[in-house]
Amino acid sequence: MLPTSLPPLSKGGHATHCKRCLSGLPSSQVDIDPAKLALSFYCLGSLDVSGELEKKTKDWEREQWREWIWSQQTRGHYGTGFRASSYMSTKHSTEENSDHDNDNPQIIMTYTALLSLSILRDNFSRLNRKGLLKFLRSCQNIDGSFSSEPSGGDSDLRTTFCAFAISTMLDDWSGMDVASALQFIYSCRTYEGGYGQSPFGEALGGTTYCALAALRLATKRLDPLSVQDRQKTIRWLVQNQASNGGFSGRTNKDADACYCFWCGASLHVLDAGDLVDKTAMSSFIASCQFKYGGTAKIPGEHPDPYHTYLSLAAVALLPHTSSEGTSWALCPLDPLLNATYQTSSWARAHIPAPKVHDDDALRDLGI
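Criteria and thresholds
- Residues numbered from 1 in each chain as written.
- Predicted model: local features only at pLDDT ≥ 70, side-chain atom pairs only at ≥ 80, totals over all residues.
- Heavy atoms only, no water.
- Pairing = 2+ DSSP bridges.
- Helix = DSSP H or I, 4+ residues; strand = E, 2+ residues; numbered from the N terminus.
- 1 Å grid on protein atoms, 1.4 Å probe; cavity = no way out; pocket = protein on both sides within 12 Å on 5 of 7 lines; lining within 4 Å.
- Points joined across faces, edges and corners; volume = space filled by probe spheres on them.
- Nonpolar A, V, L, I, M, F, W, Y, C, P; charged D, E, K, R; others polar.
- Phe/Tyr/Trp six-rings, centres within 6.5 Å; stacked < 30°, edge-to-face > 60°.
- Buried < 20%, exposed > 50% of the residue type's maximum accessible area, 1.4 Å probe, protein only.
- Contact = heavy atoms within 4.5 Å.
- Polar contact = N/O pair within 3.5 Å; in protein donor to acceptor, adjacent residues only side chain to side chain.
- Axes fitted to C-alpha atoms, helices over the stretch in contact; angles between N-to-C directions.
- Parallel < 35°, antiparallel > 145°, perpendicular 65-115°, else oblique.
- Left-handed = near helix turned anticlockwise from the far one by under 90°.

Draft legend 1. Quick peek at the pairing of strand E1 (residues 73-76). Pairing analysis gives four bridges linking E1 to strand E2 (residues 79-82), with the strands arranged antiparallel. In the strand pairing of E2, Gly 76 is matched with Gly 79. Counted along the chain from E1 to the antiparallel partner E2, the turn is two residues long.

Next comes the structure, spelled out in structure tokens:
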């Protein structure tokens, strides 16, 4: 039975947990250390969506994080992007020593790096945009999907969504064959109405979000599905909200805090976010809070930045009501890029190549 009133959302505690993880991970989380760039996004995203970034961090800390992220930008034969961490190389990444093919960028890390730098309000003067487009082309496969790296790796809807998000932030779609990529997304749809990680896979909450968000980003249509397909997808997503208020990622599986975002955001992309039982979902998320900060996948587990961020993001998608208490008020979230609207607006404004005015172009040509 769900409680009649919500306990406070420990925004300060969650922010402290995530800031601490930016410096070092607890023993329960060391297995995610190789994916430091993604980890940084979950930490910075938590600080951003909770409105705690300016309160909990100093200018020199934010500058230090910016410099570390830029040090992961690597270039080579396949183009330019961001690697997961400096652990991939024995040398510090610089313009002089980063031009080699055994230190390729990774597409998910590149997506999270661009958003992390947007959270930190970087001006992107160091972004190699042409190299980034070349990198995207190098990752696309014959079936339209994208590999995590030019040399191979995972190839599914997660990496394909990242390619769509990067193209959106660049405001340049020349780095991919859009029609082929869309066809790959359609091929991952299942009989339940969700989307599998790859064709013939089981419908998953996370990859359903990736599919729907990518379709919206590319087509720019409010509803990228037919009426019948939309109804079937909404039905499957709503059925995934469990009796304890959380969402399960697959049919007949237990609820997990991260799927509150993946399924909830999917409903928002379909303009059906009002079908989420927010009170029940918030109650489940509250039960997953750790008393010293951070949110776990289920009550009683160890907290981590991934579930902390996605739990906060799930709550931020829905309008705040006075009955929830002020602690549950968060910065509104853009469901398509998975960042606060302020951060996604910064990304869309500063990541694209600067526009060349007609007078400047003529001057460059000596006219």
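Draft legend 2. A look at empty space enclosed by the protein. This model, assessed by the stated rule, comprises one cavity of 30 Å³ or more. Empty space within the largest cavity amounts to approximately 30 Å³. Forming the walls of the largest cavity are Gly 45, Asp 48, Val 49, Ile 119, Tyr 309, Leu 333, Ala 339 and Thr 340. Going through the elements one at a time, helix H2 (36-49) and strand E8 (339-340) are the ones with two or more residues in the lining of the largest cavity. A total of three residues in the lining of the largest cavity trace back to one element, the largest contributor, which is H2. Of the residues contributing to the lining of the largest cavity, the split by class is five nonpolar, two polar and one charged.

Draft legend 3. Geometry of the packing of aromatic side chains. Going through the model one piece at a time under the given rule, you end up with 14 aromatic pairs. For the pair Trp 70 and Phe 124, a centre-to-centre distance of 6.2 Å together with 75 degrees between the ring planes defines the contact as edge-to-face. Of this pair, Trp 70 sits in helix H4 (residues 59-70) while Phe 124 is found in the loop between helix H5 (107-119) and helix H6 (129-139), placing the two residues 54 residues apart along the sequence. Residues Trp 70 and Phe 124 agree in their burial class; the two are buried. Ring plane angle 50 degrees and centroid distance 5.4 Å describe the contact between Tyr 209 and Trp 262, whose orientation is recorded as tilted. Taken together, the positions of Tyr 209 in helix H9 (residues 205-219) and Trp 262 in helix H11 (residues 257-269) put the pair 53 residues apart, joining distant regions of the chain. For the pair shown, Tyr 209 and Trp 262 are each scored as buried. By way of ring pairs, the aromatic residues Phe 41, Tyr 42, Tyr 111, Phe 161, Tyr 209, Phe 261, Trp 262, Tyr 306 and Tyr 309 are connected into one cluster.

Draft legend 4. Looking closely at helix H8 (residues 178-187). All of the buried residues along H8 are Ser 180, Ala 181, Leu 182, Phe 184 and Ile 185. Taken together, the buried residues of H8 touch helix H7 (157-170) and H9. Residue Asp 177 occupies the N-cap position of H8, its side-chain oxygen lying 3.4 Å from the main-chain nitrogen of Ala 179.

Draft legend 5. Up close: the packing of helix H10 (residues 227-239) against H11. Relative orientation of the contacting elements H10 and H11 amounts to 150 degrees, with a least axis distance of 10 Å. When the interaxial angle is binned, H10 and H11 end up roughly antiparallel. Relative to H11, H10 is oriented so that their crossing is left-handed. Between H10 and H11, the residues in contact are Ile 234, Leu 237 and Val 238 and Cys 263, Ser 266 and Leu 267, respectively.

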